[in-house]
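# Remarks on the overall topology
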Amino acid sequence: MNPIAAGASADAEKPAGHPTAAPRTAPADRPMSPVGTPQTRVEGPAKVTGSVRYAADEPMENLAFGHVVTSTVSRGRIAGIDVSAAEGMPGVRGVIDHRNAPRLNPEAGSFFGPDGGMHLLQNDEIPCSGRPIALVVAETIEQARAAAAVLRVTYEEAPHDTGFSLDHPAARPAVSFFGEDATIGDVDAELAASAVVVDERYHTPQEHGAAMEPHSATAWWEDGRLQILDSTQGPFMTAMTVATLFSLDPQQVRVRAAHVGGGFGSKSAGCGPQLVLAAMATTVLGRPVRVTLTRKQVFQAVSPRPATDQRIRIGAGTDGRLRALDHAAAFEVSKLAEYLENCTELSNTLYAAPAIRTRRTAVPLDILPPYSVRGPGATPGSFALESAMDEVAERLGMDPLELRLRNEPTAGPVSGLPFSSRNLVPCLREGARRFGWATRDHRPRRRREGRLLVGTGLAATSFSAGALPSSASVTAETDGTFTVAVGATDIGTGARTALTAVAAEALHTGPERIRLVIADSDLGPAWSAGGSRGTTSWSWAITEAATELRSQLPGAALPLTITADTTASLGKLPPMERHAYSAVFCETTVDPATGEVRVRRLLGMFAVGRVVNPLLARSQVIGGMITGLSMALHEEGSRDPVTGRHVNADFAGYHIAAHADIPDIEADFVQDYEPGDPSGIKGVGEIGTVGTAAAIANAVWHATGTRRRSLPIRLDRVLEEHPPR
């Protein structure tokens, strides 16, 4: 008998947590909803026992291996490549470079247009350091690496420009991909009339989303189709990019990514160098080829977060009400591709002010094209805005918490649109209560423990929420189970577990009756695991398909499959400001004699809509806070100003937070619901990262009395010549 109950009441249709939902009690003929219930990962046992296979692990017959050769100059052209020694080495099957590589479609790219970073081995030009210039293919990875080492490449070098600043002479207005720059009110007049004005510059460096799993792809031709295993955050979108890049019919390309060992945005840029080169090699050599980047090559050839240089001017009255907010943000771009690091997003949405002006500036340089890294735009933008807000509070002699509460808007400050839901104030108030904020002396450098200075700080923030068009299919099987197929990707976030719960709720059944199939471009259009929109987008499609299936099941012959596409539903949503919110509180200790900063406590309160799985959601936001801590204190991509080359392209030089750096972290959620979403959910992937660096920087100021406006807060930036004894 069909396990789905027909004729359920209207209140029973509304998920628990909806403002008008019935009490959370399950009817006798259906189980309690798994949404909102902590569940361990469905793939957890397989991962901890080592049976899960990532992109570089899949066994394959007749597999060859490619090793990438990268440029050692930052700009110029290849004068010559001598492949004779390499081709004569044991196991070598070929060397592919600009002279014999397949031709690519120059119009292929990402959301921002054609991306020359994908157009590898098309000519002898060197546009940036670390550019892949050849691929050596051999029977084993060791043979390929050995042969690559003897490849003889000569260059004609040209002057390069990698020096970035807001004042760069080549600076130009950025693309308006996420809307035009904002201008409301008379900013200059309001600043002139303000009792307090903060006018400061804030800097963040290039940062890398180098996940635990290096980028790897395997490509081969089978029955006229290009088959691909790739470490990608979005198989469908990658397949479409590959089809465009290689001028293929989209039906000729299939991309799978069963398990991905982290991405943080670094595997979301459409088509990574490992995949471009693997597809070229299999096309040239006629056999499966696997290309796995070394750790150094991940840093050299995979898009980072761009450096930013931001000027913020904030004017306020003596009562703490903001009168003007002026945010000018510059960021690096490559001459090869367009990109928008939307640093001013929060300045348009977070605080009320009668005059707001935002300007975004791109600075084209001879660098690898930057792209999204966890919390793109909002993360460096939050550091600048929330540091500046703290400086306003400092100059007013006001509690930073009170300053934020006094400037809570009732509608979008720039757009004028209503908020779909806005629960920032509950995050601030509950976080302050749990943290013990009320006992804080707001004057800096007042609390000491021996030679250590102790400080506390906070930051409020938001991250845009929503869903993007996706499709899903749900099949009612003859044995009473359901197969749910959606082109989602689990990049370590627990997507399999969350989507199983969403499907079970939508089908009014238990998770044990759900068989989830994901991570295959053949499953249809689906948004990638990025922008904190993966689970939201996939869940919407699953819910629509399940709802339609339930309506057709009574009396239907099984198996019965229903496919839904959310494009039309999303188009009907009214325009609103849709965001997740958080408040992060931090306690730090600073040793002014050594410059060492230690984060002692982190507390985050989050409003992320309805929480699908509290266990996994908490893990996500804690992971995001750790990323923010690493950004605040450690991470900094560096180039040699003379050569333009990376000088810390490994984890020995590019520091990230280790276990010993991580303090006691508390994270929890305030009640929230997204009314435009059928499940009431928002994304949780990035909101944990966005405000954390600012909270830490504000705590360091409170400890020391000195403002650090450049990240990371290194030892040399904190060290005092005459520390207190």
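Residues numbered from 1 in each chain as written. Predicted model: local features only at pLDDT ≥ 70, side-chain atom pairs only at ≥ 80, totals over all residues. Heavy atoms only, no water.

## Comments concerning the overall build of the protein
- Within the protein one finds 19 helices and 27 strands.
- In the protein, which comprises 725 residues, the share counted as buried stands at 59%.
- Total accessible area on the protein stands at roughly 26900 Å², and carbon and sulfur atoms take up 52% of it.
- When the 69 positive and 80 negative side-chain charges of the protein are each reduced to one mean point, those points stand 4 Å apart. (Helix = DSSP H or I, 4+ residues; strand = E, 2+ residues; numbered from the N terminus. Buried < 20%, exposed > 50% of the residue type's maximum accessible area, 1.4 Å probe, protein only. Areas by Shrake-Rupley, 256 points an atom, 1.4 Å probe, with all protein chains shown as cover. Lys, Arg positive; Asp, Glu negative; His and termini not counted. Charge placed at Lys NZ, Arg CZ, Asp CG, Glu CD.)

## Quick word on the sheet that holds strand β22 (residues 482–486)
- Taken together, the four strands give an open sheet; going across it, the order is β23-β22-β21-β24, and neighbouring strands pair in mixed fashion. Edge positions in the sheet fall to β23 (514–517) and β24 (560–565), since each has one partner strand and no second. Taken over all neighbouring pairs, the strand axes of this sheet differ in orientation by 15° on average, direction set aside.
- Looking at chain direction, strand β21 (residues 471–476) and β24 are connected through six bridges and run antiparallel. (Pairing = 2+ DSSP bridges. Axes fitted to C-alpha atoms, helices over the stretch in contact; angles between N-to-C directions.)

## Digging into the packing of aromatic side chains
- Taken as a whole and assessed by the stated rule, the structure comprises 14 aromatic pairs.
- Ring geometry for Phe435 and Trp437: centres 6.4 Å apart, planes at 45°, overall tilted.
- Among the residues examined, Phe435 registers a relative accessible area of 6% and is labelled buried.
- Plain terms: the ring middles of Trp437 and Phe585 are 5.6 Å apart, the flat faces sit at 70° to each other, and that makes the pair edge-to-face. Highlighted residues: Trp437 in the loop between α12 (424–435) and β19 (447–449) and Phe585 in strand β25 (residues 579–591), separated in sequence by 148 residues. Residue Trp437 shares its accessibility class with Phe585, and that shared class is buried.
- Aromatic rings pair up to connect Phe112, Phe177, Phe178, Tyr339 and Tyr371 into one cluster.
- The aromatic ring of Phe419 is capped on one face by Arg422, whose charged end is 4.7 Å from the ring centroid. (Phe/Tyr/Trp six-rings, centres within 6.5 Å; stacked < 30°, edge-to-face > 60°. Lys NZ or Arg CZ within 6 Å of the ring centre and 35° of its normal.)

## Describing the confidence of the model for the protein
- Per-chain confidence: the protein averages 94 in pLDDT, with 96% of residues scoring 70 or above.
- Scored below 50 in pLDDT, residues 1–30 makes 44 contacts in the model with residues more than four places away or belonging to other chains. (pLDDT = per-residue confidence, 0-100. Contact = heavy atoms within 4.5 Å.)

## Concerning empty space enclosed by the protein
- Scanning the model with the defined rule gives six cavities of 30 Å³ or more in all.
- Size it by volume and the largest cavity reaches roughly 260 Å³.
- What lines the largest cavity is a set of 26 residues, among which Ala269, Cys271, Gly272, Pro273 and Ser303 lie closest to the centre.
- In the lining of the largest cavity, the residues fall into 11 nonpolar, 11 polar and four charged. (1 Å grid on protein atoms, 1.4 Å probe; cavity = no way out; pocket = protein on both sides within 12 Å on 5 of 7 lines; lining within 4 Å. Points joined across faces, edges and corners; volume = space filled by probe spheres on them. Nonpolar A, V, L, I, M, F, W, Y, C, P; charged D, E, K, R; others polar.)

## Observations concerning the pairing of strand β3 (residues 92–96)
- The buried count for β3 comes to four of five residues, which makes it a mostly enclosed element.
- Judged from the four bridges that link them, β3 and strand β7 (residues 132–138) form a sheet pairing that is antiparallel. Across the sheet, the residue bridging to Val95 is Val136, located in β7.

## Notes on the sheet that holds strand β20 (residues 452–464)
- The five strands lie next to each other as β19-β20-β25-β26-β27, forming an open sheet whose pairing is mixed. Of all strands in the sheet, those with a lone pairing partner are β19 and β27 (664–669), marking the two edges. Averaged over neighbouring strand pairs, the angle between their axes works out to 25° when direction is ignored.
- Packed on one face of the sheet, α12 meets β20, β25, β26 (596–607) and β27 and runs near 30° to β25.
- Packed onto the sheet, helix α18 (residues 692–704) meets β20, β25 and β26 and runs at close to 155° relative to β20.

## Side note on the packing of helix α10 (residues 378–396) against α18
- The interhelical angle for the contact between α10 and α18, taken along N-to-C directions, is 35°, at an axis separation of 8 Å. Relative to α18, the crossing made by α10 is right-handed. Residue-level contacts link Ser382, Phe383, Glu386, Ser387, Asp390 and Glu394 of α10 to Ala693, Ala694, Ala697, Asn698 and Trp701 of α18.
- Among the residues making up the contact of α10 with α18, the classes are represented as five nonpolar, three polar and three charged. (Left-handed = near helix turned anticlockwise from the far one by under 90°.)

## Notes on unusual backbone geometry
- Of note, the amide linkage connecting Leu558 to Pro559 takes the cis form, showing an omega dihedral of 5°.
- Topologically, Pro559 is positioned in the loop between α14 (534–552) and β24.
- Residue Pro712 follows Leu711 across a cis peptide bond; omega there is -5°.
- Among the structural elements, Pro712 can be located in the loop between α18 and α19 (715–718).
- Its identity as a non-glycine residue notwithstanding, Ser247 has a phi of 55°, on the positive side.
- For Ser247, the location among the structural elements is in the loop between α6 (235–245) and β14 (253–256).

## Considering the environment of Glu402
- You can see Glu402 is positioned in helix α11 (residues 400–406).
- The partly exposed category is assigned to Glu402, whose relative accessible area is 28%.
- Residues Glu402 and Gly480, spaced 78 residues apart in sequence, show a C-alpha to C-alpha distance of 56 Å.

## What about the pairing of β7?
- The buried fraction of β7 is high, at seven of seven residues.
- Note: strand β1 (residues 64–70) against β7, six bridges, orientation antiparallel. Residue pairing for β7: Val68 is matched across the bridge by Leu135.

## Structural notes on a nonpolar patch on the surface
- Taken together, the side chains of Phe111, Phe177 and Phe178 define a hydrophobic patch exposed on the protein surface, amounting to about 310 Å² of accessible area.
- Tracing the sequence through the fold places Phe178 in the loop between β9 (172–173) and β10 (183–184). (Patch = residues over 30% accessible without salt bridge, like charges linked within 9 Å, V, L, I, M, F, W, Y side chains within 5 Å. Salt bridge = Lys/Arg side-chain N within 4 Å of Asp/Glu carboxyl O.)

## Considering the side chain of Arg287
- Here Arg287 lies in the loop between α7 (273–285) and β15 (289–292).
- Owing to a relative accessible area of 12%, Arg287 belongs among the buried residues under this scheme.
- Reaching out from Arg287, the side chain makes a polar contact with the side chain of Glu139 at a distance of 2.7 Å.
- The residues touching Arg287, leaving out its near neighbours within four places in the chain, are Asn62, Leu63, Ala64, Arg93, Glu139, Ala219 and Thr282. (Polar contact = N/O pair within 3.5 Å; in protein donor to acceptor, adjacent residues only side chain to side chain.)

## A short note on the nonpolar core
- Core analysis: the biggest nonpolar cluster contains 79 residues, and Ile314, Leu385, Leu602 and Ile696 have the highest contact counts within it.
- Look past the residues within four positions of Ile696 in its chain and what remains in contact with it is Cys586, Thr588, Val599, Leu602, Gly628, Leu629, Ala632 and Leu633.
- With 40 residues, the next largest nonpolar core counts Ala64, Met118, Leu121 and Met280 among its residues. (Core = buried A, V, L, I, M, F, W, Y, C linked by side-chain atoms within 4.5 Å.)

## Some thoughts on the pattern of salt bridges
- Following the criterion strictly, the structure yields 58 salt bridges and no others.
- Between Asp97 and Arg99 there is a salt bridge, with its nearest N and O atoms 2.7 Å apart.
- The salt bridge partner of Glu200 is Arg709, with a shortest N-O separation of 3.5 Å. With a gap of 509 residues between them, Glu200 in strand β11 (residues 196–204) and Arg709 in the loop between α18 and α19 connect regions that are remote in the sequence.
- Connected via shared salt-bridge partners are Glu386, Asp390, Glu394, Arg404 and Arg707.

## Considering helix α13 (residues 495–507)
- The end-to-end C-alpha distance of α13 is 18 Å, a good match for the 18 Å that 13 residues give at a rise of 1.5 Å each.
- Across the 13 residues that make up α13, a large majority, 13, are buried.
- Backbone geometry just downstream of α13 places His508 in the positive-phi region, at approximately 55°. (Expected span 1.5 Å × (residues − 1).)

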